[in-house]
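Survey of secondary and tertiary structure
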Amino acid sequence: MDKMQCQCGHVNPPGTILCESCGRSLTEKEQNSKLVDMRYEGTARRSQTYNKSIIDKVWNFFSSVKVGVGIIVAILVAAAIGTILPQEEYVQVAVRNEDTIKAYYSDVYGEIGRIYHFLGFHDLYSSFWFIILVGMLAISLIIASLDRFVPLYRSLKNQRVLRHESFMNKQRIYGKGYAQEDVLAKSETKLKELKYNVTRDKNGLLAEKGRFSRWGPYVNHIGLIIFLFGVMLRMVPGFYVDETLWIREGETRAIPEVPEYALESKSFELETYSGEEKDGAFSEAVDRVGSVAKNYQTDVILYKKPEDSLPGATEDMEIVEEYPIRVNQPLKFDGYAVYQMDFKLDELKAMTFALTNKETEESLGELTIDLINPEKLYELENGATVELKGYYPDFSGFENGEPQTATPLPNNPGFLVEMTTPETPKGETSFILIQNTIEPFGENQFKLEFQGVETRDVSGLTIRKDNTLPILGLGGLIFMIGVAQGMYFNHRRFWIQQKANGEIILAGHTNKNWFALKKDLDQVSAYASLPAYSDQQEEIEKQLKKEGEEAL
Amino acid sequence: MTLAEMSSNFLYAAFIAYLIATFVFGGAVKGNKAGTYNSESRWGKTAFIITIIGFLANLAYFFTRWGATGHAPLSNMFEFTTAFGMTLVGGFLVLYSLYKTPVLGMIVLPVALLIIAFASMFPSEVSPLIPALQSNWLAIHVSTVVIAEGILAISAAAGLVYLLKVVDLTKKSKQRFWLEAIMYSLVLVLGFVIASTYFTATGYEANFSYVDKEGLEAEIEYKMPPVFGMNEYTALSEGTMTPIAEMPAVINASKLTTVTWSLIVGTILYWVIRLIARRRISAILKPFVKNVNLNLMDEIGYRAVIIGFPVFSLGALVFAMIWAQIAWSRFWGWDPKEVWALITWLFYAAYLHLRLGKGWQGEKSAWLGVIGFTIILFNLVAVNLIIAGLHSYA
């Protein structure tokens, strides 16, 4: 394509619509229209100029608003589909694996659930195609912005004061008529009072205000791109940690992914509202709902291990901090945060039994089995012993005669024990469950009689590090600045020219809020007695309407 | 009188003021002789003052309730929805003071009344905060969102006025159908309010036990005669209606029953209005908008989005993410409420791009404004009541 020379002599880049210098319309289409298209100041945009190579085609595709909106709508619809049924991570199943999740969808939601899972919608937001859509949005943001920003910036930077009359009379706000000699000087005074930047050149005047608002869209797009970049960074190892730590009251555990620190849980506390708070203001609500949680809290001690300590060693640890972790009040240290996320009340901690003679009900002593770290052998008085031959913390039944445990958590402990007493030196075997005892090798003389149980609470904590947060924050901040800049400010311009015969022509343009532009112009007119102006777009619309009514 | 009681009296006062203002605004618009705006400026001013009084009472409700509970009253369905009605009026006041358009008041105030009435159907006693909500971010995040939604809703109101004027009701068209569909859905909300109020006033109660979707035995209380029964239900109260059909476990038949009654009452009401007036509801309203300046309505709709969009971004995304990071350990978790906030945001982003980039002004823009409001309402009502998630506080 060739460069385009205007009648005024200025040579414009190929694809220009309005001459950069004088503002004359350069294309036939533009020459025939009643109003100029001021959207990008009539500059040459790459996407509107070249369409030959593959690069041109890709560039043009992504710079199109239509395509951009298409991508937005596609993401919008996809996002909505993902809320029809709960996403995988919010599904509650006893044992978590692909099969149980799949079964959950078809069991609970029937055929619809089965199809939903089959199409991969149960994990829609991390699906390949959804991420591609977001990626396309990012590309569109970059290309569409560059395509518009570069020429717009050039054009607004090199604005001329004097424009050709055909540029002026095709502006939406336009007026023509006679006025006093000093009209330019007076207009300048008033416009400056209204905080316009005024430039004069020979017989012309250009007043401009709020040009920076034109950069708003590009600034907010930069913010979004930074944000999306931050989200991508999460994939880089070391930027992001998301671990769960279940910790029992009284336990001290190394913090996952942060081995130099350890955490001790002193206690977990669950509080509910009594209804007495605020002078009983809440009693009605508490009565209706039954129970309203007030506080979930784990009191912890954070330890730091000496640098030369072995993994797992707990001695010589230094107390860093004691802290009550509550919802909304995570414990923070060294770039990490520990959150109160979950809990389990009254987990079994230890069970106490008495070795009893079934007939005489005479006790040979008691033993307490720790359900997390049980001992192998318990020695009682008079040489009696109880040997723990098998321990099944979460007994789930027998398989081929062998007792099984579903999980390593002491939810339903089962003990296979051998009891030896002076009376039964050969030993008697017994399988003990809660409220049930099996004697596999025939009737025993002795039994372990349940005495009591100790329980404790378990806190579910989340360990999180997210080094992308500052980048996301920066992206968000830039986005908000850009949005405010583009939406709460407008770019307003007036061109006034005094011709040799004393005639005045004036034109006005704004990127939005014509109402306020007219208000400004009215003030200037009142002060400097400018000729009357009209809103040409409204005139055109009125004309169309009139024609329409006549046609009826 | 306790603060909480005072607070509800203020809300009544606001409700009544809005009701009066609706009619005065209607009169202001209707009283105009063709081509004159005398009545508009005279009665419009009166109506504006009444609305301001109502709004002040509404604010008084908000802050006395805040005083009574010790937290911003934005923590459940009743509180949030009432606040939405309030910010809708607030948004109207801002745009009215810029553009002086009584016809907008005639549309916004009845919608605000409907929203507040709808809110009152939910438990309204003051309630304490669950741990996740105990944060200053409750006031910051939720109030920003509700203000943004109030402003964005004005764009729908302006759009509706625009459509009432431009859509030709004498010929069959898609536009005519959908415009009337908007009117019909507003009447349905009224149907819900009437049905709930009636059954609450008569003290209707029916209890059932049923098997929930996890296969566990549960109990439920119906506040309306059970049209639909829960999964494998057994009636616990005597002399109540026997459900016509039983629903599978994934469907909450009690909520479905409420929807059904609202539909029945709303539809009857709609046809009563239509038969008495002998025309569509949009046609009843049409004479009120005959003097409307379309360009101005288009501008108001656009301005509302321009003002509302940045506020929405700040409240529903930025503040939301900050709080989610503090309370739930992650700034984003694809919870349904989060997703629908994103959808709302994407939708208005599309609106802006279509308007600025593709020149979608006037009627197209008006339709988009109305659709935006529908999405906001969906996020408020459906996501809270139907799609369960972390934000289901109702």
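What you see is a predicted model, and the numbers here were worked out from it, not measured in a lab.

**Observations concerning the overall build of chain A**
- Counting its regular elements, chain A contains 14 helices and 24 strands.
- Along the first, second and third principal axes, the C-alpha atoms of chain A reach 130 × 60 × 50 Å.
- Burial analysis of chain A (552 residues in total) assigns 47% to the buried set.
- The long-range share in chain A, meaning contacts at least 24 apart out of those at least 6 apart in sequence, stands at 61%.
- As displayed, chain A offers around 29,000 Å² of accessible surface, 53% of which is attributable to carbon and sulfur atoms.
- Seen as two clouds, the 60 positive and the 79 negative side-chain charges of chain A have centres 21 Å apart.

**Here we look at the nonpolar core**
- Core analysis: the biggest nonpolar cluster contains 163 residues, and Leu104(B), Ile154(B), Leu179(B), Met297(B), Ile300(B), Phe309(B) and Trp345(B) have the highest contact counts within it.
- A total of 18 residues in this core trace back to one element, the largest contributor, which is helix α5 (residues 137–166) of chain B.
- Ranked by size, the runner-up nonpolar core spans 20 residues in total, among them Met351(A), Leu364(A), Ala384(A) and Val386(A).

**Looking at the sheet that holds strand β9 (residues 293–304) of chain A**
Residue and element names in this part refer to chain A.
- One open sheet holds the four strands; their spatial order is β7-β8-β9-β10, and the pairing between them is antiparallel. One side of each edge strand has no neighbouring strand; the edge strands of this open sheet are β7 (252–255) and β10 (318–326). Across the sheet, the mean angle separating the axes of adjacent strands is 30 degrees when strand polarity is ignored.
- Both β7 and strand β8 (residues 258–272) contribute to a ladder of four bridges, which runs antiparallel.

**Quick word on empty space enclosed by the protein**
All names here are of chain A.
- In this structure the tally under the stated criterion is three cavities of 30 Å³ or more.
- Considered as a void within the structure, the second largest cavity measures approximately 90 Å³ in volume.
- Lining of the second largest cavity is provided by Leu 18, Cys 19, Glu 20, Gly 23, Glu 41, Gly 42, Thr 43, Ser 155, Asn 158, Gln 159, Arg 163 and Phe 167.
- Residue composition of the lining of the second largest cavity, by class: three nonpolar, six polar and three charged.

**Considering the pairing of strand β15 (residues 385–392) of chain A**
Residue and element names in this part refer to chain A.
- Taken across its eight residues, β15 has six buried, putting it largely inside the fold.
- Sheet topology note: the strand β14 (residues 377–379)/β15 ladder contains three bridges and is antiparallel. From the neighbouring strand, Tyr 378 faces β15, where its bridge partner is Val 386.
- Counting the residues between successive antiparallel strands, the hairpin from β14 to β15 contains five residues, one of them, Asn 382, with a positive phi of roughly 60 degrees.
- Pairing geometry for β15 and strand β18 (residues 414–420), over seven bridges, is antiparallel. Of the residues in β18, the one forming a bridge with Glu 387 is Glu 418.

**A look at the side chain of Lys170(A)**
All names here are of chain A.
- If you trace the backbone, Lys 170 turns up in the loop between α7 (165–168) and β3 (173–178).
- One buried charged side chain, Lys 170, makes no salt bridge at all; its nearest oppositely charged neighbour is Glu 30, positioned 5.4 Å away.
- Within the structure, the side chain of Lys 170 is placed 3.2 Å from the side chain of Ser 25, a separation counted as a polar contact.
- Other than its neighbours up to four places away in sequence, Lys 170 contacts Ser 25, Glu 30, Gln 31, Ser 33, Lys 34, Leu 35, Val 36 and Gln 536.

**Side note on the interface of chain A and chain B**
- Contacts between chain A and chain B engage 57 residues on the former and 63 residues on the latter.
- Between chain A and chain B, the buried area comes to about 5,100 Å², and carbon and sulfur atoms account for 66% of it.
- Across the chain A-chain B interface, the total number found is one salt bridge.
- Note that Glu125(B) and Arg288(A) form a salt bridge whose closest N and O atoms lie 2.8 Å from each other.
- The biggest single contributor to the side of chain A that touches chain B is helix α4 (residues 65–81) of chain A, with eight residues.
- Considering only residue class, the side of chain A that touches chain B consists of 36 nonpolar, seven polar and 14 charged.

**What to know about the packing of aromatic side chains**
- One pass over the structure, following the stated rule, counts 57 aromatic pairs over all chains.
- Consider the rings of Phe347(B) and Tyr348(B), whose centres lie 5.5 Å apart with planes at 85 degrees: the pair is edge-to-face.
- Given the relative accessible area of 10%, Phe347(B) is considered buried.
- When its relative accessible area of 0% is taken as the criterion, Tyr348(B) is described as buried.
- Ring-pair connections join several aromatic residues into one group, and the members of that group are Tyr104(A), Tyr105(A), Tyr109(A), Tyr116(A), Phe121(A), Tyr125(A), Trp129(A), Phe130(A), Trp332(B) and Trp334(B).
- Sitting over the ring of Tyr527(A), Lys186(A) keeps its end group 5.6 Å from the ring centre.
- The ring of Tyr302(B) carries the charged tip of Arg355(B) above its face, separated from the ring centre by 4.2 Å.

Here is what the cut-offs are and how they apply
Position numbers for residues start from 1 in each chain and track the written sequence from start to end. Written order decides the labels, with chains lettered from A and ligands numbered from 1. For this predicted model, a pLDDT threshold of at least 70 governs which residues receive local features, and a threshold of 80 or more governs which side-chain atom pairs are given and counted, while totals over whole chains, interfaces and linings are taken from all residues. With hydrogens and water excluded, all non-hydrogen atoms of the structure serve as input to the side-chain values. A run of DSSP states H or I qualifies as a helix once it reaches four residues; a run of E qualifies as a strand once it reaches two. Both are numbered from the N-terminal end. In this scheme, a residue with accessible area under 20% of its type's maximum is buried, one over 50% is exposed, and one in between is partly exposed, where area comes from a 1.4 Å probe on protein chains only. Should any heavy atoms of two residues lie within 4.5 Å, those residues are counted as being in contact. Only the protein chains shown count as cover for residues, and all accessible areas are computed by the Shrake-Rupley method using a 1.4 Å probe. A residue counts as positive if it is Lys or Arg and as negative if it is Asp or Glu; His and the chain ends are not included. Charge coordinates come from a single atom per side chain, which is NZ of Lys, CZ of Arg, CG of Asp or CD of Glu. By convention a nonpolar core is built from buried Ala, Val, Leu, Ile, Met, Phe, Trp, Tyr and Cys residues, the set being connected through side-chain atoms within 4.5 Å. Any two strands are treated as partners once DSSP identifies two or more bridges connecting them. In this analysis an axis means a line fitted to C-alpha atoms, helices contributing only their contacting stretch, and an angle means the value between N-to-C directions, from 0 to 180 degrees. Whether a set of points on the 1 Å grid over the protein atoms alone is a cavity depends on a 1.4 Å probe fitting there but being unable to get out, while an open set qualifies as a pocket with protein on both sides within 12 Å along at least five of seven lines; lining residues are those with an atom within 4 Å of a point. Grid points are joined across faces, edges and corners, and a volume is the space filled by probe spheres set on the points. For this classification, the nonpolar set comprises Ala, Val, Leu, Ile, Met, Phe, Trp, Tyr, Cys and Pro, the charged set comprises Asp, Glu, Lys and Arg, and every other residue, Gly included, is treated as polar. Take a side-chain nitrogen of Lys or Arg and a carboxyl oxygen of Asp or Glu: if they are within 4 Å of each other, that pair is a salt bridge. Polar contacts, as used here, are pairs of N or O atoms within 3.5 Å; protein pairs need one atom able to donate a hydrogen and one able to accept it. Residues neighboring in sequence count only if both atoms are side-chain atoms. Summed over both partners, buried area is the accessible surface (1.4 Å probe) that two parts give up on being assembled. What counts as a ring pair is set by centres within 6.5 Å for rings of Phe, Tyr and Trp (its six-membered ring), and what kind of pair is set by the plane angle: stacked under 30 degrees, edge-to-face over 60, tilted for all other angles. In this scheme, the term charge over a ring applies when either NZ of a lysine or CZ of an arginine sits within 6 Å of the ring centre and within 35 degrees of the ring normal.

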